[in-house]
Amino acid sequence: MAISVVRICRYPVKGLSAEDLERVMLTAGQCLPHDRRFALAHAATHFDPTRPEWLPKTSFLMLMRDEQLAQLRTHFDEQSGYFTIERDGHMLLKAEMTDPSQRESISAFFAEFLRDSVTGTPRVVEAPGHTFSDAKQKPNSTTYQYVSIVNLASIRALEQVVQVPVDPLRFRANLYIDGVPAWTEFDWVGSELMVGRARLQIVSRIIRCAATTVNPATAERDLNVPTHLQQSFGHGHMGIYGEVVGSGEIVTGDAVLLNETRQLSQVG
């Protein structure tokens with residue numbers, strides 16, 4: 001069976017909902033365009049956009065603690081700069097996120113929405129060329145701006161254990177691939193993949209936190225994913241991080257190759 005990309009997602013605002021893409025252009029040393037471009041920083045968080053630095057997820061609103069965020073469906077239009085929030089099909093807010101003067105309405109919305117769990121008013125933060133990724137820079141890597149990849153076969157292996165459907169969006173990956181046995185992707189760490197026309201160096205597995213306990217459709221904490229992974233498979237990982245080392249376009253349905261020449265279906 002050929003290995004292919006079956007879904008491409010980005011998350012323009014850290015902790016908020018996914019946006020599906022049919023195609024995307026990847027650039028060496030960078031993550032997906034506009035992925036985690038913005039974050040909602042806590043009132044006590046210090047972030048200097050003129051000297052941006054990696055900060056832990058606890059510095060921002062996040063699903064691991066603020067599961068109510070999964071009740072919202074958000075969208076960012078990079079052409080106009082407008083950001084919209086919907087809930088149950090109803091528009092709750094529309095504001096130009098790229099205009100600092102309009103960000104106050106976004107901050108006020110989340111302060112009210114999370115008034116029982118958040119102290120102070122969160123604020124929208126961004127910095128040119130910066131991404132609010134959970135991943136820190138890995139040894140021998142030139143960046144911490146990675147593309148996350150999840151193997152759907154590994155999710156199906158988890159489903160067999162928990163005996164309920166597991167929404168892939170729990171894992172907030174950029175690329176969902178299929179056509180290779182469960183957990184095979186862990187063997188790719190240190191190897192190079194050709195994904196569409198882009199080249200990615202696989203730098204690490206992805207350890208999973210309590211954010212994955214939140215059902216992205218219901219906003220309920222209904223499945224202890226980290227515990228099930230550890231108890232059933234002996235690890236707490238789902239997915240891998242890849243550093244883009246060769247620019248190129250990825251389109252849904254594109255093939256995934258190992259070391260640019262061998263089909264991944266031939267590995268292992």
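It should be noted that the structure appears before, not after, this text.
What you see is a predicted model, and the numbers here were worked out from it, not measured in a lab.

(A) Inspection of the overall build of the protein chain at higher detail. Within the protein chain one finds 3 helices and 16 strands. Once the C-alpha set of the protein chain is aligned to its principal axes, its extents read approximately 55 × 40 × 35 Å. The burial tally for the protein chain puts 53% of its 268 residues in the buried class. Taking all contacts inside the protein chain whose residues are at least 6 apart in sequence as the whole, residues at least 24 apart take part in 68%. For the protein chain, the accessible surface area stands at approximately 12,200 Å², while carbon and sulfur atoms represent 48% of it.

(B) Local environment of helix α2 (residues 152–162). Here α2 has its buried residues at L152, A153, S154, I155, A157, L158 and V162. For α2, the elements touching its buried residues are β1 (4–10), β9 (147–151), β10 (175–178), α3 (225–233) and β13 (237–246). You can read the cap of α2 off the contacts: a side-chain oxygen lies 3.0 Å from the backbone nitrogen of A153, and it is on N151. Positioned one or two residues after α2, Q163 has a phi angle of 65°, which is positive.

Definitions and cut-offs
- Residues numbered from 1 in each chain as written.
- Predicted model: local features only at pLDDT ≥ 70, side-chain atom pairs only at ≥ 80, totals over all residues.
- Heavy atoms only, no water.
- Helix = DSSP H or I, 4+ residues; strand = E, 2+ residues; numbered from the N terminus.
- Buried < 20%, exposed > 50% of the residue type's maximum accessible area, 1.4 Å probe, protein only.
- Contact = heavy atoms within 4.5 Å.
- Areas by Shrake-Rupley, 256 points an atom, 1.4 Å probe, with all protein chains shown as cover.
- Polar contact = N/O pair within 3.5 Å; in protein donor to acceptor, adjacent residues only side chain to side chain.

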